[in-house]
Amino acid sequence: MNNDMSIRCLVWFGEPTSIERARLAQAGWHTRVGDASAQGGGVGIRRGDTVVAMADLRQAGTETLRSMAKLMADHPRIPWIALLSADTSVQSPEVERVLRASIDFFTAPVDMHRLIETLGKLAGDAPPQVSAHADVPGITGNSPAMMAVVASLRKYAPVDLPVLITGETGTGKEVAARALHKLSQRRDRPFAAINCGALPANLVQSELFGHERGAFTGANARRVGHFEAAAGGTVFLDEVGDLPPDAQISLLRLLQEGTLERVGSTQSIKLDVRVLAATHVDLEKAVAQGRFREDLYYRLNVLRLRMPALRERADDVLQLAQIFLDSFRKQHACHARTFSALARKALRDFSWPGNVRELLNRVQRAAVVAEGAQISVADLDLEDVVAPKGGHSSLGLMRTSAERDAIMACLRESRFNISECARRLKVSRVTIYRLCKKHQLVLEDTH
Ligand SMILES: Nc1ncnc2c1ncn2[C@@H]1O[C@H](COP(=O)(O)OP(=O)(O)OP(=O)(O)O)[C@@H](O)[C@H]1O
């Protein structure tokens, strides 16, 4: 809902039908008709209004197409939507320019439901519930790999046993540990996340298990360690493989007997705490090399959870990227609202060595540097990923990308009916099949 005084305005360059206008008005959008060939588009825009522009190519001749492409280039901060007719040739350079500058494409007759939904998203309405597991805090992604993680989280959360979480850096091991805590009976008790690799070697014991006054030089007062401070709750030990030998013994004792001793004391303290541990190194190897106690390894490794690398779940990348962008926009003024078609391709194709953390960093950086409504490949610093290889020209790549998007849009609007799609695009059904194959559009999965 639009709850401030600003209005929502769709500037329609072309000729909206009365039905289209009426449906938009019902949805709270004012339609203003613009003229692409007039100076500045022929419409004044009030500061503070939410503005989206429609490049309606249904009636556009070559001259209008040129003016439209120029207008779009002159106003990159406005989110543009393109509207094609079944006859529009996506191969023409002018149409290609328009498509490249557009956030989304529609083919006539317009699917008004989808248009209004798209406009709502651009205006910053709450996105529809995208997660199939909204009750699992912090975990985003509906890919099969993530669904398997969520199933394990649900199974492991209520069981009061240690969980060893493995996975590359930035895959969300701490996020998973927090989710386990939040889904458990301990949710109202403390959660402590400790990076074992970041603790100074000589202070590990006292940091984790506390110390008595005078236990060592500088111990001027009794101090409670992280474990005691988290009594009744959960302790997450990140980089557990970095624990020095004496701390490994103390941890083993805590896991076996449920007791600890502060440094400088011989008194055992009973403690109820759940231990979760994570590693991105091969703990089995550390055991084989004698750097990690085997008995402790078995105690920690009762339940095991592997966080998949981001490249194993390419389906989640775009969803995560949009979520990161939306949440960045809530906190900072920025023009970017979405990703260009080529940027989306780069996001999917990149190998993400730094996983979700790297994705978050790249999206935030791109949101800061992006000049227009769409984040480009250059904003993401991913030009190499989509750089033409072999004989492909950059224009060829753009063309391919525009062709794929146009076919997808038409298929969606034809409700994935091949004959209908072929009729609208004025090509044969065989051509549609061939293009789907070329662009790896799997028809059963495209819904
Ligand atoms: N599924 C997810 N949904 C949303 N954000 C996520 C997800 N997974 C990870 N993140 C975000 O990615 C960043 C890295 O996550 P996290 O610190 O949990 O990774 P990690 O595997 O523990 O990394 P490291 O091994 O380097 O300690 C965090 O900002 C986190 O919020």
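Structure: see above.
Here the structure is a predicted model, which means the values were calculated and not measured.

### Regarding the overall build of the chain
When its secondary structure is counted, the chain shows 19 helices and 14 strands. Split into buried and exposed, the 447 residues of the chain put 51% on the buried side. Within the chain, residue pairs in contact and separated by at least 24 positions form 67% of the contacts whose partners lie at least 6 positions apart. Surface exposure of the chain reaches about 22,100 Å², of which carbon and sulfur atoms provide 51%.

### Quick notes on the site of the ligand
Residues in close proximity to the ligand total 18 residues, the closest being T169, G170, K173, D238 and R357. D238 places a side-chain nitrogen or oxygen 3.0 Å from an oxygen atom of the ligand. Of all the secondary-structure elements, those providing two or more residues to the shell around the ligand are α6 (173–182), α12 (314–331) and α14 (355–369). Taken together, the residues that form the shell around the ligand break down as seven nonpolar, six polar and five charged. Both of domain 2 (144–306) and domain 3 (311–381) provide at least three residues apiece to the shell around the ligand.

### A few points about the pattern of salt bridges
Under the definition given, this model contains 27 salt bridges. For R253, the salt bridge is made with E257, and the minimal N-O distance between the two is 3.5 Å. You can see R253 and its partner E257 sitting in helix α9 (residues 245–257), four residues apart, about one turn around the helix. With a relative accessible area of 25%, R253 lands in the partly exposed category. Relative accessible area serves as the criterion here: at 45%, E257 is assigned to the partly exposed category. Among the salt bridges present, the one from E420 reaches R424, with a minimum N-O distance of 2.7 Å. On the criterion of helical spacing, the pair formed by E420 and R424 is a turn pair, its members being four residues apart in helix α18 (residues 418–425). By relative accessible area, which is 9% here, R424 ends up buried. Among the charged side chains, a network of salt bridges with common partners joins E212, R222, E228 and R262.

### Describing the nonpolar core
If you look at the biggest cluster of nonpolar residues, it comprises 32 residues, and the most contacted ones within it are L208, F227, L237, V240, L251, F292 and L300. Taken together, the elements giving at least two residues each to this core come down to β7 (191–195), α7 (204–209), β8 (234–238), α9, β11 (274–279), α10 (283–288) and α11 (294–300). With five residues, α9 is the largest single contributor of residues to this core. Once residues lying within four places of it in the same chain are set aside, the contact partners of L237 are I194, C196, L208, F227, L251, V275, L276, A277 and A278. Formed by 28 residues, the second largest nonpolar core is a distinct cluster that contains C334, F339, F350 and V356.

### Thoughts on the sheet that holds strand β6 (residues 163–166)
Read from one edge of the open sheet, five strands run β7-β8-β11-β6-β12, paired in parallel fashion. Since the sheet does not close on itself, it has two edges, and those belong to β7 and β12 (303–306), each with one partner. Neighbour to neighbour, the strand axes of the sheet diverge by 20 degrees on average, direction disregarded. Across four bridges, β6 lies against β11 in parallel orientation. Counted as the bridge partner of V163 is L276 from β11. With respect to the sheet, α6 is in contact with β6, β7, β8, β11 and β12, its orientation differing from that of β6 by roughly 150 degrees.

### Observations concerning a nonpolar patch on the surface
The grouping of V159, L161 and V302 at the surface amounts to a nonpolar patch, some 200 Å² of accessible area in total. Within the element layout of this structure, L161 appears in the loop between α5 (144–156) and β6.

### Concerning the packing of α18 against helix α19 (residues 429–438)
At a minimum axis distance of 8 Å, the contact between α18 and α19 shows a crossing angle of 100 degrees. Classified by the angle between their axes, α18 and α19 sit roughly perpendicular to one another. In this structure, α18 contributes I418, S419, C421, A422 and L425 to the contact, and α19 contributes R429, I432 and Y433. In the contact of α18 with α19, the residues fall into six nonpolar, one polar and one charged.

### Quick word on α9
Between its first and last C-alpha atoms α9 spans 18 Å; for 13 residues at 1.5 Å apiece the expected length is 18 Å, and the two agree. Residues A247, Q248, L251, L252, L254 and L255 constitute the buried set of α9. For α9, the buried positions fall inside an angular range of 160 degrees around the axis, keeping them on one side. Each element contacted by the buried residues of α9 is listed here: α7, α8 (226–229), β8, β9 (259–260), β11 and α11. Phi turns positive one or two residues past the end of α9, at G258, with a value near 70 degrees.

Basis of the calculations
- Residues numbered from 1 in each chain as written.
- Predicted model: local features only at pLDDT ≥ 70, side-chain atom pairs only at ≥ 80, totals over all residues.
- Heavy atoms only, no water.
- Helix = DSSP H or I, 4+ residues; strand = E, 2+ residues; numbered from the N terminus.
- Buried < 20%, exposed > 50% of the residue type's maximum accessible area, 1.4 Å probe, protein only.
- Contact = heavy atoms within 4.5 Å.
- Areas by Shrake-Rupley, 256 points an atom, 1.4 Å probe, with all protein chains shown as cover.
- Near = heavy atom within 4 Å.
- Polar contact = N/O pair within 3.5 Å; in protein donor to acceptor, adjacent residues only side chain to side chain.
- Nonpolar A, V, L, I, M, F, W, Y, C, P; charged D, E, K, R; others polar.
- Domains from an automatic or database assignment.
- Salt bridge = Lys/Arg side-chain N within 4 Å of Asp/Glu carboxyl O.
- Core = buried A, V, L, I, M, F, W, Y, C linked by side-chain atoms within 4.5 Å.
- Pairing = 2+ DSSP bridges.
- Axes fitted to C-alpha atoms, helices over the stretch in contact; angles between N-to-C directions.
- Patch = residues over 30% accessible without salt bridge, like charges linked within 9 Å, V, L, I, M, F, W, Y side chains within 5 Å.
- Parallel < 35°, antiparallel > 145°, perpendicular 65-115°, else oblique.
- Expected span 1.5 Å × (residues − 1).
- Arc of directions from axis to C-beta.

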